[in-house]
Structures are given as C-alpha cells and as structure tokens.
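# Chain and residue survey
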Amino acid sequence: MTDEELKQFKASLSITAAARSLGIDVVRGKCRCAFASRHAHGDRTPSVSISEEKGYFRCWVCDDVRGDVISLVQKYKGCSFMEALNYLRETFPFLAPAGKSTSAGKPVVGTHHNVAAQAPQEIYATEPMPMPEPAPAEELVSEDERKKIILNFLKMLSPVDGTQAAAWLMGRRIFKPVWDKMLLRTIKDYGQLNNALKDTYSMDVLQYVGLFNEKGNLKFYKHPLIFPYLDTQRRAFYFQSRALESSVVPKEMNLRGTVPYPYNMSALDEKPGWIYLCEGVVDTLTFLGRKIEAVGIPGVRSFKVEWLPLFKNKNVVLCMDKDNAGREATKYLQEVFGNAGIRTIVLGEGTEHLDSSIKEGEDVNDWFGGKH
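A brief look at the structure comes next. (Residues numbered from 1 in each chain as written. Predicted model: local features only at pLDDT ≥ 70, side-chain atom pairs only at ≥ 80, totals over all residues. Heavy atoms only, no water.)

### Observations regarding the side chain of threonine 286
Short version of the rule: Here a strand is any run of E in DSSP of at least two residues, a helix any run of H or I of at least four, and the numbering for each starts at the N terminus. Here the term buried applies to any residue with accessible area under 20% of the maximum for its type, exposed to any over 50%, and partly exposed to those in between, with areas from a 1.4 Å probe on protein chains only. Whether two residues are in contact is decided by their heavy atoms: any pair within 4.5 Å suffices.
When you line up the elements, threonine 286 lands in helix α11 (residues 281–288). The class for threonine 286 is buried, based on a relative accessible area of 1%. Setting aside residues no more than four positions away along its own chain, threonine 286 makes contact with Ile174, Val364, Asn365 and Phe368.

### Observations regarding the environment of serine 302
Note that serine 302 resides in the loop between β11 (294–297) and β12 (314–319). Separated by 289 residues in sequence, serine 302 and leucine 13 place their C-alpha atoms 9.5 Å apart. Residue contacts for serine 302: discarding those within four places in its chain leaves Val259, Ile297 and Trp307.

### Comments concerning the sheet that holds strand β2 (residues 48–51)
This is how it is decided: Paired strands, in this sense, are two strands between which DSSP finds at least two bridges. Axis definition: a line fit to C-alpha positions, over the contact stretch in the case of helices; interaxial angles, taken between N-to-C directions, run 0 to 180 degrees.
Judged by pairing direction, the sheet is antiparallel, and its four strands sit side by side in the order β1-β2-β3-β4 without closing on themselves. Where the open sheet ends on each side, the last strands, each with one partner, are β1 (30–31) and β4 (66–67). As judged from the four bridges shared by β2 and strand β3 (residues 56–59), these two strands associate in the antiparallel manner. Across the sheet, isoleucine 50 pairs through a bridge with phenylalanine 57, a residue of β3. Across the sheet, helix α3 (residues 69–77) lies against β1, β2, β3 and β4, angled at about 40° from β3, the strand it touches most.

As structure tokens, then:
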C-alpha cells in the first residue's frame with residue numbers, strides 16, 4: 001500500500017464504524033476511554049470525542065489518547081501500527097486497495113514504500129491532525145429533541161421564490177419545480193431569525209446542535225441558501241448551506257455531525273435501474289431538473305460504506321468533477337462499488353473526442369450550461 005493508498009484508505013473509513021467493530025459503544029460522537037482506570041469513576045461519563053467528519057478522536061483527560069482511525073485501533077486493541085492496519089483491512093476488505101497477501105491469506109502492506117520501517121507519526125505527518133471539538137460532559141438534549149430543533153429551524157426559513165437565492169439558482173438553470181420538490185429554503189432576514197432562535201432555545205442548546213457559533217450567532221450569515229437532506233418521509237434532520245457570493249470561502253457549509261444518507265435518498269428505491277451519483281447538491285439538482293434520477297454526496301470523503309445496500313439493484317453513473325480531485329474520487333468510488341458487486345460507469349467516458357463532452361475543470365452544472 002503506497003502512502004497515497006494509505007491516505008485514501010483512511011479517508012474512506014468511518015471512524016465510528018471502526019470503533020463499533022471493536023465493540024466500543026459510541027453514542028452521539030462520544031465513547032469511554034480505553035484507559036478508564038486513569039479516570040475518576042472509571043470514565044463513567046465518556047471523555048472521548050469522535051469526529052466522524054474529520055476522522056479523528058481525542059480523550060479530553062488522557063493527552064496520549066488521540067489520533068486517526070489506525071491510532072484508535074492501536075489504543076483499544078493494544079497493538080502495533082501494522083497490526084491495526086491489517087485489522088482494518090480484514091474488517092473492511094471492500095475498501096482496501098488490492099495488495100499482496102501473506103501465505104495465510106491476510107492482507108499486508110505492499111512493497112512500494114517501506115511503511116513498516118516508519119514510526120506512525122511519520123506517516124501521519126503528511127497532513128496536520130485537527131482535533132474534534134470538546135463534547136459537553138453531559139448530553140444537553142436527546143437525539144429526538146435535536147431532530148425536532150433542526151426541523152423547527154428549517155420551518156422558520158423562507159421559500160426561495162423571489163429572493164437572491166432564486167436568482168442564484170436560475171443562473172445555474174435550476175428552476176422552481178426542483179426548488180419545490182426538494183424543499184429548498186433561504187435565510188431571508190438573518191437578524192430576525194437569529195433573534196427568534198435565541199428566544200426559543202438556550203444558547204447552549206443552539207451551539208450543541210450546531211446552529212450557532214462560539215460567538216453566540218447563527219452560523220449561516222454568509223451561506224443563506226439551505227439544502228435540506230430529506231428522508232423517505234420528506235423530513236430533514238440534516239442540511240447543507242451555500243454561499244451566494246463567489247468571494248465567500250468556503251462556498252458550502254454542512255451542519256455539524258454525520259451525513260445521515262445521500263442527498264435525494266428517495267431515488268434509492270432498490271428497484272432495478274440507473275442512478276447518477278454527484279459530488280454536491282447543485283449537480284444533483286441539475287439532473288433532477290432534467291428528470292434524471294440522481295443522488296448527491298457533499299464530498300467523496302462523506303460517502304459511507306454503510307450506504308452501499310441503498311444502491312442495491314442499481315447501476316451507478318459516477319458524475320465527479322472533471323479535474324484531478326474528481327478523477328481520484330471516481331477511481332476510489334469505482335473500487336468501493338466494484339468490491340460490493342455494483343456496476344459503475346463514468347459520465348462522459350468514451351465521448352472525450354466530441355465537442356459536447358465535459359471539458360477539463362467543468363462539473364455537471366457547467367456541462368448543462370450553468371455557471372459558478
């Protein structure tokens with residue numbers, strides 16, 4: 001396994017799924033420390049935070065209990081880096097790149113790079129290690145209450161009709177029938193919404209569910225276009241927001257927490273047929289406007305292997321951006337779906353010589369005549 005393959009493999013793993021494979025009880029991003037004896041009362045109130053989005057964990061008592069998914073296995077199994085890596089490859093074989101095997105049939109790291117000779121910190125040094133935010137010592141609201149708060153927040157938003165968000169969408173050839181179908185919303189009066197939420201909920205709760213920042217204000221001041229992630233009953237407990245000004249970075253923000261399912265998951269009905277998988281909501285909406293069944297993910301890292309059964313009986317058209325990152329994402333998704341026995345093809349493959357093919361640097365919305 002090369003350094004790049006190792007990086008891709010770690011990025012493809014759900015750290016929560018890996019923890020649960022070890023028998024660790026993870027509840028809303030928290031679990032007990034592997035060294036409970038170091039804690040008062042045996043870490044009765046879990047001290048470890050797990051960030052699914054970042055792929056890292058940290059104990060807020062034990063400074064040495066932190067790291068990525070491989071470190072997690074090392075700490076909780078008490079094993080070496082190589083043993084932890086092979087455990088993950090055996091537990092999630094459909095994610096591991098093809099490699100050499102031992103005589104016993106267990107996967108081992110390839111010989112392209114001498115990973116075994118390196119200390120784990122040297123491998124991790126290719127990118128900084130962000131730490132998850134500390135979790136409150138006690139759960140402020142139950143999961144059911146959190147969902148109710150998100151639903152209520154979305155109900156407080158305005159339809160996009162006649163707003164700056166509508167103009168932005170129409171500039172990308174995404175029109176009202178799609179807005180209505182996917183219940184798109186916008187923040188029309190930021191100050192009024194900010195105050196209404198403060199009047200309804202305590203600041204601790206608003207920050208706990210991820211709506212307000214540490215300064216005590218609604219997070220989405222520069223990202224007023226809201227894309228709810230609807231479930232099969234057309235409810236939304238998760239959403240993504242989008243900036244309307246091209247100068248805003250990042251252009252998209254996600255609600256804190258785990259992405260629960262792909263965008264427009266109702267299209268994943270287990271019936272035989274084709275489904276288009278897009279990188280981003282805007283490309284998904286572009287297809288829906290042309291009556292093409294599509295689902296979206298916020299980014300390739302957000303695709304979870306637990307979602308593979310949702311694609312049962314589907315042939316998947318991969319619609320990543322036409323750039324280096326998109327090509328890497330396509331390669332990775334081909335492996336994930338292929339190892340699960342799901343057929344994939346790449347959008348535009350075989351049409352590279354035609355004037356109508358997707359050009360370098362374009363995405364699906366560009367291809368259909370939209371703009372950024």
